Amino acid sequence: MLKRTLRLAALFALVLLMPGLAFAQPKEKVTISALPFISTAPIFIAKERGYFDAEGIDLDIKIFNAAQAVAVAVASGDADFGITAFTGGFFNLAGKGALKVIAAQSREEPGYNFVAYVASKKAYEAGFRSPKDFAGKSVAITTVGSSFHYNLGMLADKYNFKLDSVQMKPVQSIPNMMAALSGGQVDATILPANNALKLEEDGTGKIIGWVHEHTLWQLGALFASSKIVKEKRPLVERFVRAYQKGLADYAAAFLAKDSQGNRMIGEKALALMPALEKWVQPKPSIDTVKIAANYMDPQGRLLVKNIYDQVAWNQAQGMVDKSVKAEDFIDLSFVKGHFDVPKK
Amino acid sequence: MPEVAKNTVAFRGGGFVPGTRRWAPWLAFLVIIACWETASQLRWLPALFMPAPSEVVQALHALLVDGKLVAHIVASLKRIVSGWILGSLAGITLGFMMGIFVLARSVGLPIVSALFPIPKIALLPLFILWFGIGEPSKVATIALGVFFPTVVSAFSAVDNVPRNLIRMAQSFGLSTRMIVFKVILPGAMPGILAGFRISSSIALILVVAAEMIGADTGIGAFVLAAGNLMQIDQLIGGVVLLSLLGLGVSALLSIAEKIVLRWR
Amino acid sequence: MQVVLEDVGYAYGDLPVLEGVGFAVAEGETAVLIGPSGCGKSTLLNLIGGLLPQQTGRISTLGTPPAGCLNPLTFVFQDFALLPWRSVAGNVALALEHHRLGRAEQQARIAEVLKLCGLSDFADALPKQLSGGMRQRVGIARAIAVKPAVMLMDEPLSALDAQTRELLMEDLISIWARERTTTLYVTHNLNEAVRLADQVVVLSRRPGRIKRIVSIPVPVAERMKPEHAALVKNLHDELWSLIKAEAQVADREMQHA
């Protein structure tokens, strides 16, 4: 009898303490499509640390294995949110009005090694030492319109060589790119840090530069279906808040530097490992995370102008429809303080 | 004379006659495309998932104007034709040996049966290691895909050459070599040509897989890139190109059959 | 050339089809082999022609083939065995091509045999365009083109209708009159035997043994004259009485699949 009274009292206290949250509003079911990579870490962290729960969101993470599929899942209505890298395909989908970019994911930031230009041993020995000299070289990329393709495009613009003079070899996947370079079938490729270091370790490739040393750009974003942005604005706002908390934790754990500018991976990083181990494929160790953890804006702010540039570049290559306008698929209202916002 | 009922016998043997209506397939195509276009114009089909036929035509036209269309077709045809010829020659040779020599049959049949069902696309990474990412790996993919069905069809075509013709040739003292070239080869032509229909379709199917690796021109590479870029109109345009190519090949084979199999 | 069989036997695995068959066919003579279905007639012919390996006994030829003979033992088949993709002339040419005759002689031989067989107007026709009788004429033309010493005819007329058979028998008789080839002729048709044979070899049911050898004293060319009608009739009846009982049994027998 006493037990029962106590329980009732506890319940009563809860109702008093959490007005309007747990009871008046049952948690909303929300789905996000994502890749099982460290670049999705803020979502994983926010989920595991209960930041979404605190915002009244019951988040279901759907894992895909290609950036394309992540965007298609949102466009087709199978997911409410998505988080992945920009590609030509992404812009074409976004241009159809099915999704809105709302916050930043990875970007190239000075001092943070993320994606490397790798020369084959042979090309390196023949004098290929700088990303300025890509003209006339053969380069393995995943696909036409991929971020690797865009990296080359930016280099071509910056160092005044013709992109046409680079022989692009689309080979569909990163393992194929590594195989093509190791086998000496291409002069160069562009790889994420862990893959690039692996090639250097094997002695088949040589890193000749990092992307952030040459071109800075916004790699990816958090986006939502246009429908949910229009119809459930408060939900999107809550979602972004939880995401930002995840981002902040991520930045504090993996992006901090000491006075010499070296990255510090310490207690905070270790504390986040269980969340990453649960979601990231293949299962990461603290050492792999140390290499692969890429820069993300701690508040989710976008390099807006760069996204406009990306769209324009893709259009110039004939890969994105001329009718696509970046301003139509970016919604700047969920995050404050975006960078380089072009004036209308 | 008593009245006798006299009835004209009614015809009751109609129908069940095999035949074709030349206009029927064209009409069916037209109706399907017209319905599709109408549904798109009325926005019953979401543009995101299914572009209108007119958009597909526009995409192809744009490609034709900037000259890439011809480049894609030429690049793919080169791979298809060389892969198909290689695979067919090797397949017919092995199929003939299996049809003629008991030992070749006993050894070849289980091996072919074991290797035939391997999806050639799964072997793509292996081909990159063996042949690189240039033309050889693409041609090899198609050649291997063509090889196995050709072995099977050549083998059964040889098997179907009437034994009495071979005995006749033996009774006139023809050597084995002469029997192969004068009796078995022409006698197996119907089966081999039927096999060509299948193997040429396989070559067309495999060109997409073959061009996954290191190709920037070719219909397969074009379709893949359109898929990656979510350019659905171009994607369908590429698929239409492939099926037109298929129709063209089928028409060529029909002509070849008419000439080679005039005697049937 | 003469054909001699001594104590010939043959078995397919455990199934004996021929036992102790011995007879001889003199040069220029026609021996007709008759017997109930499955008595090994065709097997015997294939043994003589070298299309089956000899097992027991011995089959041999005596004498030398005539001048110009390219293929001493030559078959004419029941199903004609024409290459459907070759024209009439082409089918005849098949038998000649590998003998390096020279183009002129090959053409001359083809023209000659086509004329002999009444096929001159059909040289370029394909087999599918010809009637059964004309197709077998092509088969016969192909055989005589190689100037055979021995013709081995395996039921050559049994795929044809009765009228065509009559016509072809007349053709055969006139060809034999010219060429004087030795002939072994398998049939189950007693009319053909009575009309064409110099000797009729009657085989028993499986395993085939020689039941009787009947010689016919009247030359083939004169056999249809009215004065021989009674003899022909008697021969026919005699042969029928020899094989009737066995034909009945054979008819009721289950097929060995």
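Computed from a predicted structure; not experimentally measured.

Asker: A description of the overall build of chain B should follow, citing residues and the corresponding values.
Answerer: Broken down by element type, chain B carries 10 helices and zero strands. Listing each helix as α and each strand as β along chain B from the N terminus yields α-α-α-α-α-α-α-α-α-α. Its C-alpha atoms give chain B a radius of gyration of 25 Å, clearly above 18 Å, the size a compact globule of 264 residues would have. Over its C-alpha atoms, taken along the principal directions, chain B stretches across nearly 80 × 70 × 30 Å. A total of 264 residues make up chain B; the buried ones form 42% of that total. Look at the contacts in chain B between residues 6 or more apart in sequence, and 71% of them connect residues 24 or more apart. On chain B, roughly 14800 Å² of surface is accessible, and the fraction owed to carbon and sulfur atoms is 73%. If the 19 positive side-chain charges of chain B are averaged to one point and the 10 negative ones to another, these points end up 17 Å apart.

Asker: Which residues make up unusual backbone geometry, and what are the values?
Answerer: Generally, phi is negative for residues other than glycine and the peptide bonds are trans, each holding for most cases. All names here are of chain A. Residues Q281 and P282 are joined by a peptide bond in cis, for which omega reads -15°. Tracing the backbone through its elements, the reader meets P282 in the loop between α12 (267-279) and α13 (286-292). Although it is not a glycine, N160 sits at a positive phi angle of roughly 55°.

Asker: Lay out the nonpolar core in plain terms, naming residues and giving numbers.
Answerer: F96 of chain B together with L5, F23, L44, L184, V200 and L239 of chain C are the most contacted members of the largest nonpolar core, which has 111 residues in total. Ranked by the residues each element gives to this core, the list is headed by helix α8 (residues 176-210) of chain B, at nine residues. When residues of this core are assigned to domains, at least three map to each of domain 1 (2-66 + 149-252) and domain 2 (82-148) of chain C. Those residues within four positions of L184 of chain C in sequence are excluded, and the remaining contacts are V3, F23, V25, A31, L45, I48, V150, M151, L152 and M153 of chain C.

Asker: So what about the sheet that holds strand β2 (residues 15-25) of chain C? Which residues, and what values?
Answerer: Residue and element names in this part refer to chain C. Strand order in the open sheet formed by three strands is β2-β1-β4, and the pairing between neighbours is antiparallel. The open sheet has two free edges, formed respectively by β2 and β4 (56-62), since each of these has just one partner strand. Neighbour-to-neighbour, the strand axes of this sheet turn through a mean angle of 15°, independent of strand direction. Across seven bridges, the pairing between strand β1 (residues 2-12) and β2 is antiparallel.

Asker: Break down the interface of chain B and chain A for me, with residues and values.
Answerer: Counting from both sides, the interface comprises 18 residues of chain B and, opposite them, 25 residues of chain A. For the pair chain B and chain A, the summed buried surface comes to about 1800 Å²; carbon and sulfur atoms form 63% of the total. On the chain B side of the interface with chain A, the three residues burying the most area are L48, L229 and M230 of chain B, jointly 33% of the side's total. Remark: the boundary between chain B and chain A carries zero salt bridges. Summed over the shared surface of chain B and chain A, the number is seven residue pairs in polar contact (both at pLDDT 80 or more). With four residues, the top contributor of residues to the side of chain B that touches chain A is helix α9 (residues 219-228) of chain B. Classifying every residue of the side of chain B that touches chain A gives 12 nonpolar, five polar and one charged.

Asker: How would you explain the domain arrangement of chain C if you had to name every residue and give the values?
Answerer: Residues and elements named next belong to chain C. Per the domain assignment, the segments of chain C are domain 1 (2-66 + 149-252) and domain 2 (82-148). When each unit is reduced to the centre of its C-alpha atoms, the spacing between domain 1 and domain 2 is 25 Å. Together domain 1 and domain 2 conceal approximately 1100 Å² of surface at their shared face, both sides included; 69% is due to carbon and sulfur atoms. It is M151, L168 and I175 that lose the most area in domain 1 upon contact with domain 2, and together they represent 36% of the buried surface on that side. Inspection of the domain 1/domain 2 interface yields two salt bridges. In this structure, the connection of domain 1 to domain 2 is made through two residue pairs in polar contact (both at pLDDT 80 or more). No other element matches helix α5 (residues 162-179), which puts eight residues into the side of domain 1 that touches domain 2.

Asker: Account for the sheet that holds strand β5 (residues 115-120) of chain A, naming residues and giving values.
Answerer: Residues and elements named next belong to chain A. Within the open sheet, the five strands sit side by side as β7-β6-β8-β5-β9. Their pairing is mixed. This sheet does not close on itself; its edge strands, each paired only once, are β7 (167-170) and β9 (205-210). Taken pair by pair, the neighbouring strands of this sheet meet at an average axis angle of 30°, ignoring direction. Looking at chain direction, β5 and strand β8 (residues 188-192) are connected through five bridges and run antiparallel. Of the residues in β8, the one forming a bridge with Y117 is I190. Taken strand by strand, helix α7 (residues 147-159) contacts β5, β6 (138-141), β7 and β8, and its axis lies near 120° from that of β8. Across the sheet, helix α8 (residues 174-182) is in contact with β5, β6, β8 and β9; its angle to β8 comes to roughly 140°.

Asker: Pulling in residues and values, what's your account of the interface of chain C and chain B?
Answerer: Interface size, as often reported, equals the accessible area lost upon joining of the parts. At the junction of the two partners, chain C supplies 24 residues and chain B supplies 17 residues. Summing the contributions of chain C and of chain B, the shared interface buries around 1800 Å²; its carbon and sulfur component is 67%. It is L51, W85 and H98 of chain C that lose the most area in chain C upon contact with chain B, and together they represent 34% of the buried surface on that side. Here chain C is connected to chain B by one salt bridge. Along the contact surface separating chain C from chain B lie five residue pairs in polar contact (both at pLDDT 80 or more). Of all elements in the fold, only β5 (73-76), α2 (88-97) and α4 (132-145) of chain C reach the threshold of two or more residues within the side of chain C that touches chain B.

Asker: Please set out the packing of aromatic side chains residue by residue, giving values where relevant.
Answerer: What the rule picks out here adds up to 24 aromatic pairs over all chains. Residues F86 of chain A and F91 of chain A carry aromatic rings whose centres are separated by 5.4 Å and whose planes lie at 25° to one another, so their mutual orientation is stacked. Neither residue differs from the other here; F86 of chain A and F91 of chain A are each classed as buried. Consider the rings of F127 of chain B and W130 of chain B, whose centres lie 6.0 Å apart with planes at 40°: the pair is tilted. Of this pair, F127 of chain B and W130 of chain B both sit in helix α5 (residues 124-131), separated by three residues, roughly a single helical turn. In this structure F127 of chain B comes out as buried when scored by relative accessible area, which is 3%. The class of W130 of chain B is exposed, set by a relative accessible area of 56%. Among the aromatic residues, ring-to-ring pairing joins F86, F90, F91, F223 and F329 of chain A into one connected group. Between R129 of chain A and the ring centre of Y124 of chain A, over which it is positioned, the NZ or CZ distance is 4.1 Å. The ring of Y112 of chain A carries the charged tip of K257 of chain A above its face, separated from the ring centre by 4.3 Å.

Asker: Residue-level account of the state of the cysteines, with values.
Answerer: Evaluation of the coordinates by the stated rule reveals zero disulfides over all chains. Here C69 of chain C is not disulfide-linked; the sulfur of C117 of chain C is the nearest cysteine sulfur, at 17 Å.

Asker: Could you give an account of a nonpolar patch on the surface, naming the residues involved and the relevant values?
Answerer: Taken together, the side chains of L103, V107, I111, L115 and I118 of chain B present a nonpolar region at the surface, about 430 Å² in accessible area. Since its relative accessible area comes to 66%, L103 of chain B is described here as exposed.

What counts as what
Residues numbered from 1 in each chain as written. Chains lettered and ligands numbered in written order. Predicted model: local features only at pLDDT ≥ 70, side-chain atom pairs only at ≥ 80, totals over all residues. Heavy atoms only, no water. Helix = DSSP H or I, 4+ residues; strand = E, 2+ residues; numbered from the N terminus. Rg over C-alpha atoms; globule rule 2.2 N^0.38 Å. Buried < 20%, exposed > 50% of the residue type's maximum accessible area, 1.4 Å probe, protein only. Contact = heavy atoms within 4.5 Å. Areas by Shrake-Rupley, 256 points an atom, 1.4 Å probe, with all protein chains shown as cover. Lys, Arg positive; Asp, Glu negative; His and termini not counted. Charge placed at Lys NZ, Arg CZ, Asp CG, Glu CD. Core = buried A, V, L, I, M, F, W, Y, C linked by side-chain atoms within 4.5 Å. Domains from an automatic or database assignment. Pairing = 2+ DSSP bridges. Axes fitted to C-alpha atoms, helices over the stretch in contact; angles between N-to-C directions. Buried area = accessible area lost by both parts, 1.4 Å probe. Salt bridge = Lys/Arg side-chain N within 4 Å of Asp/Glu carboxyl O. Polar contact = N/O pair within 3.5 Å; in protein donor to acceptor, adjacent residues only side chain to side chain. Nonpolar A, V, L, I, M, F, W, Y, C, P; charged D, E, K, R; others polar. Phe/Tyr/Trp six-rings, centres within 6.5 Å; stacked < 30°, edge-to-face > 60°. Lys NZ or Arg CZ within 6 Å of the ring centre and 35° of its normal. Disulfide = S-S within 2.5 Å. Patch = residues over 30% accessible without salt bridge, like charges linked within 9 Å, V, L, I, M, F, W, Y side chains within 5 Å.

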